[in-house]
Each structure stands twice: as C-alpha cells, then as structure tokens.
Amino acid sequence: MKVLVIGSGGREHSLCWAIAKSPKCDELFCAPGNAGIDRVAISIPIQVDDLDGIMDFVAANAIEFVVVGPEGPLVAGLVDRLDAAGVKAFGPSARAAEYEGSKGLTKDLCAKYLIPTAEYARFDEPDAAKEYIRVKGAPIVVKADGLAAGKGVILCRNENEAYAAIDHIMTESAFGDAGAEVVIEEMMVGEEASFFALVDGKTALPLVAAQDHKAVLDGDEGPNTGGMGAYSPAAIITEEMSARVMDEIINPTIKGAAADGRPYKGVLYAGLMVTKKGPHLIEYNVRFGDPECQAMMMRLKSDALEMLLACAEGRLDKIKLEWHKEAALTVVIAAEGYPGAYDKGSEIKGLDAAGKLKDVVVFHAGTVEDDGRILANGGRVLNVTALGKTVKAAQKRAYEAVDLIDWPEGFCRSDIGWRAV
Ligand code: AMP
Ligand code: GLY
C-alpha cells in the first residue's frame, strides 16, 4: 500500500516510524516531513495547508491512504476532498474537526448531551462578556473560541485579569478572528490527563492514556508551549477511570456528534480534568497530541498502519490492540527562546549515539538536513523517547540519551514525568 502522512513534527515522525514497520506498507511519503522522517519515508516539499498540492500529489502517485497529523488541514477540509476523490483517509471531516476549531461548539455539544464539563457561556461582544464576569466572579477562565496555537486560554485569578483577557482577545484581537467570540468558563480543580480514542463513526476504541507537560519550565512553570514532554501510561487513568470516560464523555460525544450532523472519524483527543466529582471534559482536539503520540507509538505493539486503516474503514469492532507493558517517556528539546522568538540553522550533533541506546528513539520535529549535517529548523526540534519498566526507568533512559546530544543552542526541561515518579 502507498501511504502519505501529512505534517512535519515529532508526532508525524513517530507515525511514519510506526507505519514504516508494517508489512502492508510498500511506499511511505510525508508532506513536508523533516530530516528524521527522511530516514523512514520520502519527504516531499508540499506544505500542510497546500490542499491543492496534496490532492495533485495523491492523484499523480496513486496514493491509497492518507494519514493527517495536524488540525489545520482537517479543519480546512482535506479529508472531505480525499473522500470525494475516493482516497481513504485517517482523520475527521471539516464539520467534525470544528469541535477543535470552535471551543464553543464543543461546549454546546456537552450541554445538549449532558457531558460533564465546566459551566460556561459564549459571547461575541466584550461588554456582555465583562458583565458575566462581574456576576460570576473569579477565578474564571477566558478562552478565544477559535484555533490559537494553544495560546488562547487565559486562567484568571481575579476579575481585573479577566477583564484584561477580554480586552486582549476581543478588543485587541490578539488571536485575530479566533478571538471574535469567547467562551468563559468556571475554573475546575483537579488532575489533568489526555485521553485518546479511535473512532470510526460507530465504534470507539480507547488507546493508552498519556500526559503531557505544557509549561516551558521545570515544575510546570512559565508560559505554555505545544508540549515540552509526555509520558504514558498516566496513573490517574486506571481501567475503571477509562471505562467511566468512555461511558460519560466519549460515547455520548460520538452519538451526539452524529445526531448533530457531524459524524466523527479519526482520533478523538479529550483534554480531561479529573475533579472530585469525576472526569470532566476541558476540550477536544481532533488529532493525536504532540508529543503524547511519540510516547504512544513507542508503546504500540500492534501494526500501526492496520490500526489506522481499520479506523478509516469502519472496522474498529474487529481489531484488538496490543501495547508494550513498559512505560514510555518523551523529552522535547527546543531551540533557546521557544515559545518566543528563536534562531534557526545551528548544527545538532550526537544524534546517532543517542539513537543507538537500547529502547531509545529520537523523533525529529523542526530539523533539516544540509550536506549530511542536521540543523535546527523550528521551535520544538527533537523528541527523545525511551521505553522503561516504569515511568521512572523510561525517564532515566531518556535523559541518558539527551546527555549524548550535543546542541548548545537547545534546551529541555529536566523533570518530565515528575508527577509520575
Ligand atoms: P485548553 O487549550 O483548552 O486545553 O486549555 C489549556 C489549559 O488551560 C488546560 O490544559 C488546562 O490546564 C487549563 N484549563 C482550561 N480550561 C480550564 C478550566 N475550565 N478549568 C481549569 N483549567 C482549565
Ligand atoms: N500536547 C498538546 C497538544 O498536542 O495539543
């Protein structure tokens, strides 16, 4: 089978790495890919938002299956176009992808189908939003409704912060059109976890749980990033909790989404807050988490291509997934300055030595090859991923590999997995 993966991050490297191991995979392409993906797939210089370019490549190369990594092309309707062209695809339609594209839409779904989540209201007008804050008081959470690269959520300790958040998002348009509408929510207290389920329209199959670290600094301090590390399993998602999440959140969502004319296919990523009253939905993403996916792919024993195909073809009720019992942990190495401004082009050495350690894979994100040298080419650059008997053992091995990487212009957190060890 000829397969095309869309994306260029560590998530897509881990998907390509897992898919390439499948006996069913004859040829694997990735658009646009990166220097690490080049080792397991053929990178092609087509950007993820170039839907016409992707469709032309698919037709010209008789691609049979497309796996979409990031949310952008999903929200833009890539899977709809592939469907119309008769090409199998992993990922939701544009209408279903709107659950990530609009936080308010997801909150309305929760309200309609009694899915536990924080109390909320939606506003498209700043004065009404501020009046609601005045009535509700603080702490309170203010969110841009649309896609804001993980930065559109402001946790406000007092009312003045919340009014400022409204000004920032709505009046100053800090996130452009994504902030034309806001969702204001009750602040939930509890432990967070990321929960992933494959959904084929009818059947939902839970995957292993994972947890990421969004903050840039040790101790979960500093501004939020796309994710500085992750580990799997997540202790709080016991088998019992997983069953509750499926019953109370995932299954009602799938039924409700279908009833509302947005039948869901692909991976559904639920950001959860486990409060005293049980699991609550924070938000949905319509794709794998990055870097959670890297830890999950390390633990997957089953054929990844077969798993993704079964999801696309509506056969999830017929497959059973196998996972390594070991834990996996990923440390992200980012360019100095990230999540703010950073430089590109510095050379990274020691990758081969790190990758030779037992049960270690260094997944690339922002890298490019130049004349045999690997150069940094983005904010999050490497994902050093290791397996171990426990999260602690995986952590130890991952940091041994990190120590072998020679890249003075990069930095990483030194405490990934701290909650679990
Ligand atoms: P989101 O982008 O919606 O996942 O939000 C980013 C982060 O903000 C989450 O990972 C939570 O840590 C936090 N957060 C979002 N909504 C709430 C809420 N209602 N209560 C408490 N924390 C929240
Ligand atoms: N790791 C968080 C995300 O992928 O959204």
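Refer to the preceding data block for the structure.
What you see is a predicted model, and the numbers here were worked out from it, not measured in a lab.

Asker: Which residues make up the packing of aromatic side chains, and what values go with them?
Answerer: The final tally for this structure, using the stated rule, is six aromatic pairs. Between the aromatic rings of F29 and F57, the centroid separation amounts to 5.2 Å while the plane-to-plane angle is 75°, which identifies the pairing as edge-to-face. With F29 in strand β2 (residues 27-32) and F57 in helix α2 (residues 51-60), this pair connects stretches of sequence that are 28 residues apart. This pair shows no difference in class: F29 is buried, exactly as F57 is. Between the aromatic rings of F123 and Y132, the centroid separation amounts to 5.3 Å while the plane-to-plane angle is 50°, which identifies the pairing as tilted. For the pair F123 and Y132, one class covers both residues: buried. Between K21 and the ring centre of W17, over which it is positioned, the NZ or CZ distance is 3.8 Å.

Asker: Describe the layout of surface pockets, with residues and values.
Answerer: Of the volumes computed, that of the second largest pocket is approximately 340 Å³. Lining the second largest pocket are 17 residues, with R39, L351, D352, V362 and H364 positioned closest to its centre. With four residues, strand β20 (residues 360-364) is the single largest residue contributor to the lining of the second largest pocket. The residue makeup of the lining of the second largest pocket, split by class, is seven nonpolar, six polar and four charged.

Asker: Could you give an account of the site of ligand 1, naming the residues involved and the relevant values?
Answerer: Around ligand 1, the structure places 15 residues, and the nearest of them are K143, E185, M188, E192 and E283. One nitrogen or oxygen atom from the side chain of K103 is found 3.4 Å from an oxygen atom belonging to ligand 1. At 3.0 Å, a backbone N or O of E186 approaches a nitrogen atom of ligand 1. Among the residues forming the shell around ligand 1, the class breakdown is eight nonpolar, no polar and seven charged.

Asker: Let's hear about helix α9 (residues 239-259): which residues, and what values?
Answerer: The end-to-end C-alpha distance of α9, which contains 21 residues, comes to 28 Å, matching closely the 30 Å that a straight helix rising 1.5 Å per residue would cover. The largest bend along α9 measures about 40° and falls at M246. Within the sequence span of α9, burial applies to M241, S242, V245, M246, I249, I250, P252, T253, I254, G256 and A257. Just downstream of α9, G261 is the residue with a positive phi angle, here 80°.

Asker: Can you lay out the sheet that holds strand β9 (residues 182-186) for me, pointing to particular residues and giving the numbers?
Answerer: Reading across from one edge, β6-β9-β7-β8 is the order of the four strands in this open sheet, with antiparallel pairing throughout. Looking at the sheet topology across the chains shown, the edges are occupied by β6 (120-123) and β8 (153-156). Here the average twist between neighbouring strands, direction ignored, is 20°. Pairing geometry for strand β7 (residues 140-144) and β8, over four bridges, is antiparallel. For K143, the partnering residue across the bridge sits in β8 and is V153. Packing of helix α6 (residues 103-112) onto the sheet brings it into contact with β6, β7, β8 and β9, and relative to β6 it is tilted by some 140°.

Asker: Break down the environment of A111 for me, with residues and values.
Answerer: Along the chain, A111 falls in helix α6. Note on A111: relative accessible area 45%, which makes it partly exposed. Taking the C-alpha atoms as reference points, A111 and A162, separated by 51 residues in sequence, lie 23 Å from one another.

Asker: Break down the site of ligand 2 for me, citing the residues and quoting the values.
Answerer: All residues adjacent to ligand 2 are D212, G226, Y269, R287, G289, D290, P291 and E292. Between ligand 2 and R287 there is a distance of 2.9 Å, counted from an oxygen atom to a side-chain nitrogen or oxygen. Here a nitrogen atom of ligand 2 sits 2.9 Å away from a polar atom, N or O, in the side chain of E292. With the chains in place, 88% of the 200 Å² that ligand 2 exposes on its own is no longer accessible.

Asker: For the sheet that holds strand β10 (residues 191-200), give the residues involved together with the corresponding values.
Answerer: Spatially, β11-β10-β16-β17 is the arrangement adopted by the four strands of the open sheet, whose pairing is antiparallel. Edge strands, defined here as strands with exactly one partner in the open sheet, are β11 (204-206) and β17 (278-285). Across the sheet, the axes of successive neighbouring strands diverge by a mean angle of 35°, strand direction being ignored. Across ten bridges, the pairing between β10 and strand β16 (residues 265-275) is antiparallel.

Asker: Residue-level account of empty space enclosed by the protein, with values.
Answerer: Enumeration over the complete set of coordinates arrives at one cavity of 30 Å³ or more. Its volume calculated, the largest cavity comes out at about 60 Å³. Considering the residues around the largest cavity, the lining is formed by Y99, E100, K103, T106, K107, K143, E185, I282, E283, Y284 and N285. Those elements giving two or more residues to the lining of the largest cavity turn out to be α5 (94-101), α6 and β17. It is β17 that provides the largest number of residues to the lining of the largest cavity, a total of four residues. Of the residues that constitute the lining of the largest cavity, the class distribution is three nonpolar, two polar and six charged.

Conventions adopted
Residues numbered from 1 in each chain as written. Chains lettered and ligands numbered in written order. Predicted model: local features only at pLDDT ≥ 70, side-chain atom pairs only at ≥ 80, totals over all residues. Heavy atoms only, no water. Phe/Tyr/Trp six-rings, centres within 6.5 Å; stacked < 30°, edge-to-face > 60°. Helix = DSSP H or I, 4+ residues; strand = E, 2+ residues; numbered from the N terminus. Buried < 20%, exposed > 50% of the residue type's maximum accessible area, 1.4 Å probe, protein only. Lys NZ or Arg CZ within 6 Å of the ring centre and 35° of its normal. 1 Å grid on protein atoms, 1.4 Å probe; cavity = no way out; pocket = protein on both sides within 12 Å on 5 of 7 lines; lining within 4 Å. Points joined across faces, edges and corners; volume = space filled by probe spheres on them. Nonpolar A, V, L, I, M, F, W, Y, C, P; charged D, E, K, R; others polar. Near = heavy atom within 4 Å. Polar contact = N/O pair within 3.5 Å; in protein donor to acceptor, adjacent residues only side chain to side chain. Expected span 1.5 Å × (residues − 1). Bend = angle between axes of the 7 residues up to and from the residue. Pairing = 2+ DSSP bridges. Axes fitted to C-alpha atoms, helices over the stretch in contact; angles between N-to-C directions. Contact = heavy atoms within 4.5 Å. Areas by Shrake-Rupley, 256 points an atom, 1.4 Å probe, with all protein chains shown as cover.

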